[in-house]
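Each chain is listed here by its residues.
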Amino acid sequence: DGLFDSHVAAWAALLDSSSTSSSSSGGGGGNLTVRGNNGEATELTKKVAASYYALLSSIRADWPHGLSPGGLSTDGYEGHTFWDQETWMVPPLLALAPMDLSASLLEYRQKTLAGAYAKAAEFGYAGTMFAWESCVTGTDQYWFGDCGKLEHHITADIGNALEQHWYVSRNATWLQEYWPM
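Anyway, here's the lowdown on the structure attached to this text. (Residues numbered from 1 in each chain as written. Predicted model: local features only at pLDDT ≥ 70, side-chain atom pairs only at ≥ 80, totals over all residues. Heavy atoms only, no water.)

**Considering the environment of Leu94**
Mapped onto the secondary structure, Leu94 falls in helix α3 (residues 84–96). For Leu94, a relative accessible area of 5% corresponds to the buried category. Separated by 75 residues in sequence, Leu94 and Ser169 have C-alpha atoms that sit 8.6 Å apart. (Helix = DSSP H or I, 4+ residues; strand = E, 2+ residues; numbered from the N terminus. Buried < 20%, exposed > 50% of the residue type's maximum accessible area, 1.4 Å probe, protein only.)

Right, dumping it as structure tokens:
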């Protein structure tokens with residue numbers, strides 16, 4: 001009987017923590033309503049809220065796994081993680097959600113560093129070369145063409161997300177741990 005009530009309460013707590021977060025703890029998103037000239041919420045508000053809901057329902061701070069571009073709403077990407085995570089999902093989480101949510105996505109990349117080092121070595125590079133289509137191991141999982149060999153931007157996308165996380169969090173302990181990436 002209490003399952004629905006606990007579900008509603010958990011979402012309320014998450015959304016409350018999103019809207020009351022300070023820049024030092026992450027987020028600070030507050031109200032997601034976009035108002036038109038008549039003061040009514042616009043169609044854009046519904047799209048932003050739906051996107052935010054999709055992100056929040058696909059991630060947990062205590063479960064550092066990557067997000068598929070479709071989240072839990074589709075299996076079109078077979079659950080694999082692409083650079084989309086760092087480019088399109090981390091920034092709104094940094095702006096709107098508790099900091100530990102974006103941190104869990106970056107923790108996923110840290111946990112898959114072995115795959116990134118192995119891929120770089122395979123192609124004769126020093127350092128890391130993150131997978132184009134990654135799974136829990138961090139190794140490439142694409143099944144078509146040479147995309148993974150050509151997609152060098154992914155490592156920069158991940159670096160950019162790490163930098164953004166640092167700028168928002170200013171967490172020196174986190175920086176020491178993630179600096180090697």
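**Some thoughts on the pattern of salt bridges**
Across all of its chains, the model carries 5 salt bridges by this definition. Ionic pairing is found between Lys46 and Glu43, a salt bridge with its closest N-O pair at 3.8 Å. Of this pair, Lys46 and Glu43 both sit in helix α2 (residues 43–57), 3 residues apart, which is roughly one turn of the helix. The exposure class of Lys46 is exposed, given its relative accessible area of 55%. Between Lys119 and Asp140 there is a salt bridge, with its nearest N and O atoms 2.7 Å apart. Remark: Asp140 occurs in the loop between α5 (113–122) and α6 (147–150) and Lys119 occurs in helix α5; sequence separation between them is 21 residues. When its relative accessible area of 6% is taken as the criterion, Lys119 is described as buried. (Salt bridge = Lys/Arg side-chain N within 4 Å of Asp/Glu carboxyl O.)

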